[in-house]
Amino acid sequence: MAGRKHAPRMRELRDGQNDSNQNSQNDSDGLLSAEPSQQSYLSVPSSPSSYRRTRANMNQAGGAPDERTSLLGTTRASRIRIASAHGTPRAPNLSRNQSYGAGEGTDTVRSNPPTRHHSRANSWGQRLIRALADRQEEPVSEPKGSVFPDDRVWYDQFTSTDWVHDSIADAHRVKALRSRKDFWGRVYILFDGAQGWILSALVGFIIAVLAYIVDVTESTFFDFKDGYCARGWLISEKRCCPHGPCTDWRDWGEVMHGWPFGERWTEFVIYLGLVITLASVSCLLTLTTKTVVPSAYRLSTLDENLAAAPVSPGGNGDDGGDSPNGNGTPSRRASVAPPAAAPSMIYYSAAGSGVAEVRVILSGFVLHGFLGLKTLIIKTVGLVLSVASGLSLGKEGPYVHIATCVGNIACRLFSKYDRNDAKRREVLSAAAAAGVAVAFGAPLGGVLFGLEEVAYFFPAKTLFRTFFCCITAALTLKFLNPYGTHKIVMFQVRYLIDWEYFELVSFILVGVLGGAAGALFIKASRKWAVTFRRIPIIKKHPLLEVVLVALVTGLIGYWNGLTKLPVAKLLYNLAAPCDDRDNNLEDLGLCPDSKADIPPILWHLLWAFLIKGLLTIITFGIKVPAGIYVPSMVVGGLMGRLIGHMVQWLVLAFPDTAMFSSCNKVSSVSCIQPGVYGLIAAGSTMCGVTRLSVTLAVILFELTGSLDYVLPFSLAILVAKWTADAIEPLSIYDLLTEMNSYPFLNNKHKPVFTSELIDIVPRVRRERIIDISNSPLVPATSLRSKLESLHRAGELDGGLPIIRNDILVGLIPAPDLEYALDNLPDESTALCLMANVPSIDDSDDEEGGGRRDPTDFTPYIDPAPVALDIRSPMDLVYELFVKLGLRYICILRDGKYAGMVS
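My aim in this report is to walk through the structure given alongside it, one point at a time. Bear in mind that the values here come from a model prediction, so they are computed numbers and not experimental data.

1. Considerations on the packing of aromatic side chains
Step number 1: Counted under the stated rule, the structure contains 30 aromatic pairs.
Step number 2: The interplanar angle of 75° and the centroid separation of 5.2 Å between the aromatic rings of Phe-183 and Trp-184 together place this pair among those described as edge-to-face. For the residue pair Phe-183 and Trp-184, the accessibility class agrees, reading exposed in each case.
Step number 3: Ring geometry for Tyr-629 and Tyr-733: centres 6.3 Å apart, planes at 85°, overall edge-to-face. With a gap of 104 residues between them, Tyr-629 in helix 21 (residues 629-653) and Tyr-733 in helix 25 (residues 732-739) connect regions that are remote in the sequence.
Step number 4: An aromatic cluster of at least three residues, connected via ring pairs, comprises Trp-265, Phe-268, Tyr-271, Tyr-558 and Trp-559.

Here it is in structure tokens:
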């Protein structure tokens, strides 16, 4: 089966067919000549594959990549050869495209000329942990008797994972591992089983440390807008004065002695300047993660602003007819003229929360660079600055993205996870859940978040490891004690008074209003994105929008004591019960002593609700690391606190009503706790935005630690989800996924099919198949033209079926075919073997330990692709794609090939 084993018979076949193949390269099979005319490439769109052959020629000439380098193309040097680790026997070849899990070693076009490719040799994370990796470099040549090549094709950018083949590859790895019966083989089997637990513990620990750094740092920077601690510049106001106002904390007006605008206005000017400065620096850092998406994807957007900026196809310099090697000779692909009507799109991997993209990545989509070390560092630093600026955003959503980056980088420690995309995503699911665990101090909620929101494949083994990872992260953060209160998060509260039965009506009302507010927030964000962010100057200069939002936030948020607080601290003050012994409560005037104190509180909360709602809408989607979880909870908390005080006023105004008779009075204030309403409304609004249900109920339970309020929380969230689904069917992350045109097949909502499989199967085109009826040898130029036909159609991870007498005999994936073609010494004259031919001489002497013949493509062929009859129901097709994670399904009619769907 190995290529060199076929070498004698391949030479015999070529000797007899060389002349006939040269004369038939333009036959009915749609083959192209070795030197196509320039005109044949003028119609090729500016696709991710536009310059793949140019790069191959550039590599032969020793040229360096520049701004014209393909987004998705990879050089021969950039492909990795992987030797079997620890000398274990090898599995049958399943040469699939192996992703680096959206890792750092990317080939995406950045704002500067790219210098990285699909090889992880130049990855920051790879260089950092190379000394710790368990992989062992072995000689490039294969041991005698191997039945498959060493070369492995990594998953390309914007393609999807082949779950079936990754699962089979891991099964063969385990089988090969267990074939070792010696002592060290058994030891390594135990170590192999422990790798998942080691990774889970390590990832949980690192996530907690990063969360501690962000929590401590952002609080110090946030307080720096108001003044500084005389005992140390890096001490926050809470740590400087733990028991209230003190002389150690100095406001800027006091420091400047009122110069030049008076003490009050000087503090405001400095506050406003620092808000804009911190937000701008965060934006500038985020802009360094710019990635250009080629026009072939036809995306309407690719980030949370719902209106990504297009890039002119002539940007970065028009290459004209110059060759990449600088010799002035036009190359084969340099003559491609991208259409002016299809501008490229750009996105920023560190912007927004990243939860939507993490969910898509876990479903099998590949976004190189999105989970890399550079993104991790920039997002962490940018998150500290954006939260410290006081904008209406949170750090809890980005924790999910940061945690997934940690999980992706940690996977490189063990080859089992590094080289298998399906196994890698088990770790990424656990890491994402741990991000929620440290964000809300809710390890159980984190596990449910992974199960309900982000994870696409969640077996029982992954569930238990996810739970272990979340517990490790929560315990580590508990010991680190970031807030000095022995709480994992700032807004943990405790309710000591039970609720009354008549409050159930109020709880249901709060749930309805919270769900409606969340759904309306989605509609308002979309409307804001397609109006304001479509203004050319705003679209072209993201920094300008950040400056304007920061300016508005500083101008209208400074004068309201509620909106000036950080969102986490504000949520705590809205949800916590009134207690004079609680030193963490701010003096915001939210605790009335009598009925007469309630109306002023209502007006104060109403203005804060309007201001915070407006700021949250215009802030969501700007180019800074930003989450929507806690800001949406704050908006709901303000609304819930309003309703809570209204109910409190009714109980005090009509104390003798039979419905309120069971409500015992405490001093002059009723038993109604407005903080409970605030927290219930906060959860309901977040449910309306994200459509999380069970996860949110458990998170609220873990935040309060009270079993008494599980029923009100659950009831309100249930009603909120019903209400939000009725107003806006999509959650904020479903909306982003849909508008970004991500290939995300939602496995939680099965559609109702009105068509049959025969209705969606395209007609069979000769340029989309490989016909070996006459000969198993196919000219490489013919294969190249067929591959480019796939790329022009945008089917980057599609494949070419192999047909013999109209019978499907195999399929070669497009990325594998491209890799095999790129490794041919002379593509213009090469004849490629596309089917196994009976061996003439199987002697080991013929092999001689030599390398595989590069023209033997049989190792890259899937001999048994999944196929269905054309009369199969669409429900079966859907289940195969969802349950098996297939990339494509071949269609048969009476046993003969009839098409392919993907």
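Following the structure, the description resumes.
2. Re the packing of helix 8 (residues 263-287) against helix 18 (residues 542-557)
Step number 1: In contact at an axis separation of 9 Å, helix 8 and helix 18 are set at 150° when each is read in the N-to-C sense. Compared by their axis directions, helix 8 and helix 18 come out roughly antiparallel. For the crossing formed where helix 8 meets helix 18, the hand is right-handed. Side by side, helix 8 and helix 18 meet where Phe-268, Tyr-271, Leu-272, Val-275, Ile-276, Ala-279, Ser-280, Cys-283, Leu-284 and Leu-287 of the first sit next to Pro-542, Leu-543, Val-546, Val-547, Ala-550, Leu-551, Gly-554 and Leu-555 of the second.
Step number 2: Taken together, the residues of the contact of helix 8 with helix 18 break down into 16 nonpolar, two polar and no charged.

3. Here we look at the packing of helix 16 (residues 503-531) against helix 22 (residues 674-690)
Step number 1: Closest axis-to-axis distance for the helix 16/helix 22 pair is 7 Å, and the angle between their directions is 35°. As for the relative orientation of helix 16 and helix 22, their crossing is right-handed in sense. Packed against helix 16, whose contacting residues are Glu-503, Ser-506, Phe-507, Val-510, Gly-511, Gly-514, Gly-515, Ala-517, Gly-518, Ala-519, Phe-521 and Ile-522, the element helix 22 presents Val-676, Tyr-677, Ile-680, Ala-681, Ser-684, Thr-685, Gly-688 and Val-689 at the interface.
Step number 2: Counted by class, the contact of helix 16 with helix 22 contains eleven nonpolar, eight polar and one charged residues.

Cut-offs used in this document
Residues numbered from 1 in each chain as written. Predicted model: local features only at pLDDT ≥ 70, side-chain atom pairs only at ≥ 80, totals over all residues. Heavy atoms only, no water. Phe/Tyr/Trp six-rings, centres within 6.5 Å; stacked < 30°, edge-to-face > 60°. Buried < 20%, exposed > 50% of the residue type's maximum accessible area, 1.4 Å probe, protein only. Helix = DSSP H or I, 4+ residues; strand = E, 2+ residues; numbered from the N terminus. Axes fitted to C-alpha atoms, helices over the stretch in contact; angles between N-to-C directions. Parallel < 35°, antiparallel > 145°, perpendicular 65-115°, else oblique. Left-handed = near helix turned anticlockwise from the far one by under 90°. Contact = heavy atoms within 4.5 Å. Nonpolar A, V, L, I, M, F, W, Y, C, P; charged D, E, K, R; others polar.

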